[in-house]
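Structural overview for review
Here's the letter readout for the chains.
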Amino acid sequence: MVSRVSTVAFEGIEAVPVDVQVMIAPGKMNIHIVGLPDKAVAESRERVQAALHASGLSLPVKKVTVNLAPADLPKEGSHYDLPIALGLMAALGAIPGDAIADYVVLGDSPSTAPSRRWPARCRRRSARMRSARA
Amino acid sequence: MAGALPAAIGANAIGKGLICPHASGPESAWAGADIDILAPRSLIAIANHFRGTQVLSRPEPAVRKMAGAALDLADIKGQESAKRALEVAAAGGHNLLMTGPPGSGKSMLAQRLPSILPPLSPKELLEVSMIASIAGELADGRLSDRRPFRSPHHSASMAAMVGGGLRVRPGEAALAHNGVLFLDEFPEFTPQVLDALRQPLENGECVIARANHRVSYPARVQLVAAMNPCRCGMAGQPGYRCLRGPRCQADYQARISGPLMDRIDIRVDVPAVSAADLIRPAKAEPSSVVAARVARARDIQRERFAALGLAAATTNAHCATAVVEEIAEPDAAGLALLRDASEKLGFSARAYHRVLRVARTLADLDGEAKVGRIHLAESISYRMSAERLAQAA
């Protein structure tokens, strides 16, 4: 059960292709992220788990390895959450693996809640403050 | 989320679509009309899309509407020579330094510069937005065709100014690409930070080299700086004498290095506004009138550089030095003036060419094909601050 998702790393304003390879294999239940992730990328393990849980998917009782290739390029930022989540879903069979092959995926914490918008009252107030400042 | 636009452009280049969060959809849609973009609100939405039960539509590129009108030049009473300098700087993309006592309106003038600059062309817009996207500064993924105006505080660090830090983020110079970098209280900036701007001002790019990264950001900026003439701020005003004498002014101005000063083409004194100017009821010229003149001068430049086969976004201030000698060849009287001035005032090679560039812009504003003596005279006067002129005399 291996799936691949393409994403990017940024060098200046250039986007460098990065492959997210998710493998689910028998073993102790855990998620490992390898391929020089920084702290924000390493923490995506928890966010992705929460997002999958909120979507009604549960992780298998198996060992999950997420490899970010090329292995020698440092991966920074929070935009690896969505490709890792989609890679996991493809490996679990929740989405067809060949469908996402035609896409580059990037995005931060795949929203666990349906909406992250502020309540209308706060939005109106911030709009008023903005127009008062202008 | 940072970087959706460059990622979309990168994905388009390798013939793939893009999946990004809902909030980044409008931003990435700018990458092209033919790129397939999915911007789901949740993981469920994307699973449903691929299952075919709930197909996602392509996000639309959004343009940011500017809240309220821009600040207008008509707000400024008096300061006609400074306004003229501002117009010339806008027309040719020249760097500008305003020197004057506190409260004379330097910052007001600088803040009104965007109102007379022409809007960004589509290609420039994309460049500006890519940098803003990497920095995560595109509000709601909407793009605006107004030129960037960055005014960092003088406590800015080197990494904040030219870029760097943990993820080699773009600095203020890169964020002001194709726009204005306004440095208020110019001598209060750390000298190292100011001198770090020398390379971007000359090449139009910030090259950041670190152990792990080597990154180059475009940074073709128009530098606008404002400063007081001395620490107490009033040197040169009629009837005022600095407590520390002439050293006050010399020490304060020496904080700006010669090589950096050499890159500033237009230096103008902004004296305190007299009460007579303030009382005068008549409104000054509005920005729209000045902007029309600036746009005409920019059109002339665009046609000229297009005829020479150069990029459309080239301005007099940023074209190659070899081209300057060709396009800004002065007439005989102008040449004589330029030769005299260069000898007396000791122009560097760069200063010589920069005087020619400003003179070319002045001729463009007048709609003249040839650079005349009058244009060179004005251009040289912008280069020289009053006391250096007195020294040379």
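What comes next concerns the included structure.

Each value, and the rule that gives it
- Residues numbered from 1 in each chain as written.
- Chains lettered and ligands numbered in written order.
- Predicted model: local features only at pLDDT ≥ 70, side-chain atom pairs only at ≥ 80, totals over all residues.
- Heavy atoms only, no water.
- Helix = DSSP H or I, 4+ residues; strand = E, 2+ residues; numbered from the N terminus.
- Rg over C-alpha atoms; globule rule 2.2 N^0.38 Å.
- Buried < 20%, exposed > 50% of the residue type's maximum accessible area, 1.4 Å probe, protein only.
- Contact = heavy atoms within 4.5 Å.
- Areas by Shrake-Rupley, 256 points an atom, 1.4 Å probe, with all protein chains shown as cover.
- Expected span 1.5 Å × (residues − 1).
- Buried area = accessible area lost by both parts, 1.4 Å probe.
- Salt bridge = Lys/Arg side-chain N within 4 Å of Asp/Glu carboxyl O.
- Polar contact = N/O pair within 3.5 Å; in protein donor to acceptor, adjacent residues only side chain to side chain.
- Nonpolar A, V, L, I, M, F, W, Y, C, P; charged D, E, K, R; others polar.
- Pairing = 2+ DSSP bridges.
- Axes fitted to C-alpha atoms, helices over the stretch in contact; angles between N-to-C directions.
- Parallel < 35°, antiparallel > 145°, perpendicular 65-115°, else oblique.
- Left-handed = near helix turned anticlockwise from the far one by under 90°.
- Core = buried A, V, L, I, M, F, W, Y, C linked by side-chain atoms within 4.5 Å.
- Phe/Tyr/Trp six-rings, centres within 6.5 Å; stacked < 30°, edge-to-face > 60°.
- Lys NZ or Arg CZ within 6 Å of the ring centre and 35° of its normal.
- Arc of directions from axis to C-beta.

Another point: the overall build of chain B. Helix and strand counts for chain B stand at 20 helices and nine strands. Here the C-alpha radius of gyration of chain B, 23 Å, is about what a compact globule of 393 residues would show, namely 21 Å. In terms of overall dimensions, chain B has a C-alpha envelope of 80 × 55 × 50 Å along the principal axes. Taking all 393 residues of chain B together, 51% fall into the buried category. Across chain B, contacts joining residues at least 24 apart in sequence account for 72% of those joining residues at least 6 apart. Carbon and sulfur atoms provide 54% of the accessible area of chain B, an area that totals close to 17600 Å².

With that settled, consider helix 7 (residues 122–134) of chain B. Across its 13 residues, helix 7 of chain B extends 18 Å between first and last C-alpha, which sits within 8% of the 18 Å expected from 1.5 Å per residue. Among all positions of helix 7 of chain B, only E124, L125, V128, S129, M130, I131, A132, S133 and I134 of chain B are buried. Looking at the buried side of helix 7 of chain B, the elements it contacts are strand 1 (2–11) of chain A together with helix 1 (4–13), helix 2 (25–28), helix 9 (172–175) and strand 7 (214–218) of chain B. Positive backbone phi, approximately 70 degrees, marks G136 of chain B, located one or two places after helix 7 of chain B.

Take the interface of chain A and chain B next. Residue-level contacts link 33 residues of chain A with 33 residues of chain B. Between chain A and chain B, a total of about 2800 Å² is buried, with carbon and sulfur atoms accounting for 70% of that surface. Among the residues of chain A in contact with chain B, I13, Y103 and V104 of chain A are the three that bury the most area, contributing 25% of the side total. Run the count over chain A and chain B and you get zero salt bridges. At the junction of chain A and chain B, the tally comes to six residue pairs in polar contact (both at pLDDT 80 or more). Elements with a contribution of two residues or more to the side of chain A that touches chain B: strand 1, helix 2 (44–54), helix 3 (81–92) and strand 5 (103–105) of chain A. When its residues are assigned to classes, the side of chain A that touches chain B shows 22 nonpolar, seven polar and four charged. Two elements, strand 5 of chain A and strand 1 (residues 17–19) of chain B, share three bridges in a ladder whose sense is parallel. Bridged to Y103 of chain A within strand 1 of chain B is G17 of chain B.

Glancing now at the packing of helix 18 (residues 349–366) of chain B against helix 19 (residues 373–383) of chain B. Residues and elements named next belong to chain B. Packing of helix 18 against helix 19 leaves a shortest axis separation of 8 Å and a crossing angle of 130 degrees. Put simply, helix 18 runs oblique to helix 19. Read as a crossing pair, helix 18 and helix 19 show a hand that is right-handed. Listed contacts from helix 19 to A351, R354, V355, L356, V358, A359, L362, A363 and D366 of helix 18 are H375, L376, E378, S379, I380, Y382 and R383. Here the residues of the contact of helix 18 with helix 19 sort into 10 nonpolar, two polar and four charged.

Moving on to the sheet that holds strand 5 (residues 180–183) of chain B. All names here are of chain B. Within the open sheet, the five strands sit side by side as 4-5-8-3-9. Their pairing is parallel. Bordering the open sheet on either side are strand 4 (149–150) and strand 9 (266–269), each of which pairs with just one other strand. Sheet analysis places strand 4 next to strand 5, joined by two bridges and oriented parallel. Each residue of the ladder has a partner; that of R150, found in strand 5, is L181.

As a further point, take the environment of R357 of chain B. All names here are of chain B. With respect to the helices, strands and loops of the structure, R357 is situated in helix 18. In this view, R357 contacts H94, N316, A317, H318, C319, A320, T321 and V324; residues no more than four positions away in its chain are not counted. Within the structure, the side chain of R357 is placed 2.8 Å from the backbone oxygen of C319, a separation counted as a polar contact.

This paragraph deals with the nonpolar core. Counting residues in hydrophobic clusters, the biggest one holds 37 residues, and the most contacted among them are V66, L86 and L88 of chain A together with I19 of chain B. For this core, the elements supplying multiple residues, two or more each, are strand 1, strand 2 (14–25), strand 3 (30–34), helix 2, strand 4 (63–69), helix 3 and strand 5 of chain A together with helix 3 (43–51) of chain B. Sort the elements by how many residues they give to this core and helix 3 of chain A lands first, with eight residues. Dropping the residues within four chain positions of it, V66 of chain A is found in contact with V20, Q21, V22, I31, H32, I33, V34 and I84 of chain A.

Here we take up the packing of aromatic side chains. Applying the stated criterion to the full structure yields two aromatic pairs over all chains. A cation over an aromatic ring shows up here: R304 of chain B above the ring of F305 of chain B, its NZ or CZ 5.5 Å from the ring centre.

Moving on: the packing of helix 17 (residues 332–345) of chain B against helix 19 of chain B. Two measures define how a pair of helices packs: the angle their axes make with one another and the distance between the axes. All names here are of chain B. Where helix 17 meets helix 19, the closest approach of the two axes is 8 Å, and the angle between their N-to-C directions is 20 degrees. Between helix 17 and helix 19, the angle is such that the two are roughly parallel. Contact with helix 17, carried on its side by A333, G334, L335, L337, L338, A341 and L345, involves R373, L376, A377 and I380 of helix 19 and no other residues of that element. Grouping the amino acids of the contact of helix 17 with helix 19 by side-chain chemistry returns nine nonpolar, one polar and one charged.

So, about the side chain of H49 of chain B. Note that H49 of chain B resides in helix 3. Apart from the residues lying within four places of it in its own chain, the contact partners of H49 of chain B are L38, Q54, V55 and L56 of chain B.

As a further point, take unusual backbone geometry. A cis amide bond links A69 of chain A to the next residue, P70 of chain A, at an omega of 0 degrees. Looking at the element boundaries, P70 of chain A is found in the loop between strand 4 and helix 3. For Q79 of chain B, which is not a glycine, the phi torsion comes out positive at approximately 55 degrees. Within the secondary structure, Q79 of chain B sits in the loop between helix 3 and helix 4 (80–92).

Further remarks concern the pattern of salt bridges. Residues and elements named next belong to chain B. Counted under the stated rule, the structure contains 25 salt bridges over all chains. Between E202 and R354 there is a salt bridge, with the nearest N and O atoms lying 3.5 Å from each other. Here E202, found in helix 11 (residues 198–203), pairs with R354, found in helix 18; they are 152 residues apart in sequence, far enough to count as distant.

All names here are of chain B. Looking at helix 19, one finds that the buried residues are H375, L376, S379, I380, Y382 and R383. One face of helix 19 carries all of its buried residues, which in axial projection span an arc of 155 degrees. Where helix 19 is buried, its residues contact helix 4, helix 13 (258–262), strand 9, helix 17 and helix 18.

Residues and elements named next belong to chain B. Here strand 5 shows no split at all, with V180 and F182 on one side and L181 and L183 on the other all buried. Pairing analysis gives four bridges linking strand 5 to strand 8 (residues 222–227), with the strands arranged parallel. Following the sheet pairing, L183 is matched in strand 8 by A225.

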